[in-house]
Amino acid sequence: MGVSTSRPDKGIAVVTVDFPPVNALPVQGWYDLADAVRSAGRDPDVRCVVLTSEGRGFNAGVDIKEMQRDTASGGHGALIGANRGCAEAFSAVYACEVPVVAAVHGFCLGGGIGLVGNADAIVASDDATFGLPELDRGALGAATHLARLVPQHLMRALYYTSRTATAAELHAHGSVWKVVPRDQLMDAAMELAHEIARKDGLLIRLAKAAINGIDPVDVHRSYRFEQGFTFEANLSGVADRVRDTFGKENRS
């Protein structure tokens, strides 16, 4: 359980997340993921990073139970830690020195959208779904990253309703590179990674830096702005009220 890195082929590092049962990451998990992606990108022998997960789905966001336990004791450490940890992980993917290919299966929710929205390319299985159920969980955030996957009005409708979009729908919008059966997901992701990794190592790093430099939205500042409203929701008490409802629904 945790975050692991392997180098199955020349020029490629695979970072795998495994937090059963649903890959809802605790605070330390987000930091571990950030460290793994940064370390892989700094390796001069690596030209592409593949980000993937074990288990039922790619990512279910933050560990809400960890946050509820902390809030029940009157603290905000888990909230602050989760916000900082998510920001670190999202930033690590975006700023990774080499391209990052996300291999997504099952659900990709909440913080998962922050990861794939900052990745360079997404390969998804045909059972993959993408969305931000934040409003149903007493949270806000990652609209910055969902807006990199779908057009503005669709992003807003998905955000306000907490609905999800399928891999096929995102492929139609051009944000998912390829949709394949689940048992072919890693093969498809590795195929793209191999094509990228055949480029010159220095040149691919320059290309990544150049493309990041011309982004129309500063993803770091934009996400940090969103986080301010997350804190406001928590300080006002509305976040706890909605989160507690979410917890009861999941226990029933």
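Preceding block: the structure.
All values reported here derive from a predicted model rather than from experimental measurement.

## Quick notes on the nonpolar core
The biggest cluster of nonpolar side chains holds 66 residues, and the ones touching the most others in it are L33, V104 and F130. Here the element with the most residues in this core is helix 8 (residues 185–197); it accounts for eight residues. Here V104 is in contact with F58, V116, I122, V123, A124, S125, A128, F130 and L185, once residues within four sequence places are set aside. Counting residues in hydrophobic clusters, the runner-up holds five residues, among them V27, M67, A78 and A82.

## Describing the packing of helix 3 (residues 77–95) against helix 10 (residues 219–236)
In a pair of packed helices, the angle between the axes and the distance between the axes together describe the arrangement. In the contact formed by helix 3 and helix 10, the axes pass within 11 Å of each other and the chain directions differ by 165°. Classified by the angle their axes make, helix 3 and helix 10 are roughly antiparallel. Where helix 3 crosses over helix 10, the handedness of that crossing is right-handed. Residues L79, I80, N83, R84, C86, A87, F90, S91 and Y94 of helix 3 pack against V219, H220, Y223, Q227, T230, F231 and N234 of helix 10. Residues of the contact of helix 3 with helix 10, tallied by class, amount to nine nonpolar, six polar and one charged.

## Points about the environment of A124
Within the secondary structure layout, A124 lies in strand 6 (residues 121–125). Take A124: its relative accessible area is 0%, and that puts it in the buried class. If sequence neighbours within four positions are ignored, A124 has contacts with V104, F130, A167, V176, K178, V179, V180 and L185.

## Observations concerning helix 1 (residues 27–42)
Helix length check: helix 1 (16 residues) gives 23 Å between terminal C-alpha atoms against 22 Å at 1.5 Å per residue, within 8%. Of the positions making up helix 1, those classed as buried are V27, G29, W30, L33, A34, A36, V37, A40 and G41.

## Describing the sheet that holds strand 9 (residues 178–180)
Pairing is mixed across the open sheet formed by six strands, whose spatial order is 1-2-3-4-6-9. Two strands lie at the open edges of the sheet, namely strand 1 (2–9) and strand 9, each paired on one side alone. Neighbour-to-neighbour, the strand axes of this sheet turn through a mean angle of 20°, independent of strand direction. Pairing between strand 6 and strand 9: three bridges, direction parallel. Counterpart to A124 in the pairing with strand 9 is V179.

## Quick word on a nonpolar patch on the surface
Among the surface-exposed residues, L202, L203 and L206 lie close enough to one another that they form a single nonpolar patch of about 330 Å² accessible area. Classification of L202 by relative accessible area gives exposed; the value is 59%.

## Observations regarding the environment of D18
Take D18: it is sitting in strand 2 (residues 12–18). Owing to a relative accessible area of 24%, D18 belongs among the partly exposed residues under this scheme. Considering only alpha carbons, one finds D18 and G55, 37 residues apart in sequence, at a separation of 6.9 Å. When sequence neighbours within four positions are dropped, the list of residues in contact with D18 reads M1, G2, N23 and E54.

## Observations regarding the sheet that holds strand 5 (residues 107–109)
What the three strands build is an open sheet, ordered 5-7-8; its pairing is mixed. What marks the edges here is a single partner per strand, and that holds for strand 5 and strand 8 (164–166). Direction aside, neighbouring strands of the sheet carry axes that sit 20° apart on average. As defined by bridge partners, strand 5 adjoins strand 7 (residues 129–131) across three bridges and the pair is classed as parallel. Opposite F107, over in strand 7, you have T129 as the bridge partner.

## Notes on the pattern of salt bridges
What the rule picks out here adds up to seven salt bridges. As a salt-bridge pair, K208 and D120 come within 3.0 Å of each other at their nearest N and O atoms. Highlighted residues: K208 in helix 9 (residues 201–213) and D120 in the loop between helix 4 (111–118) and strand 6, separated in sequence by 88 residues. With a relative accessible area of 38%, D120 lands in the partly exposed category. For K178, the salt bridge goes to E191, with nearest N and O atoms at 3.6 Å. You can see K178 sitting in strand 9 and its partner E191 sitting in helix 8, a full 13 residues away along the chain. Exposure remark for K178: the relative accessible area of 31% places this residue in the partly exposed category. By relative accessible area, which is 48% here, E191 ends up partly exposed.

The rules behind these values
- Residues numbered from 1 in each chain as written.
- Predicted model: local features only at pLDDT ≥ 70, side-chain atom pairs only at ≥ 80, totals over all residues.
- Heavy atoms only, no water.
- Core = buried A, V, L, I, M, F, W, Y, C linked by side-chain atoms within 4.5 Å.
- Buried < 20%, exposed > 50% of the residue type's maximum accessible area, 1.4 Å probe, protein only.
- Helix = DSSP H or I, 4+ residues; strand = E, 2+ residues; numbered from the N terminus.
- Contact = heavy atoms within 4.5 Å.
- Axes fitted to C-alpha atoms, helices over the stretch in contact; angles between N-to-C directions.
- Parallel < 35°, antiparallel > 145°, perpendicular 65-115°, else oblique.
- Left-handed = near helix turned anticlockwise from the far one by under 90°.
- Nonpolar A, V, L, I, M, F, W, Y, C, P; charged D, E, K, R; others polar.
- Expected span 1.5 Å × (residues − 1).
- Pairing = 2+ DSSP bridges.
- Patch = residues over 30% accessible without salt bridge, like charges linked within 9 Å, V, L, I, M, F, W, Y side chains within 5 Å.
- Areas by Shrake-Rupley, 256 points an atom, 1.4 Å probe, with all protein chains shown as cover.
- Salt bridge = Lys/Arg side-chain N within 4 Å of Asp/Glu carboxyl O.

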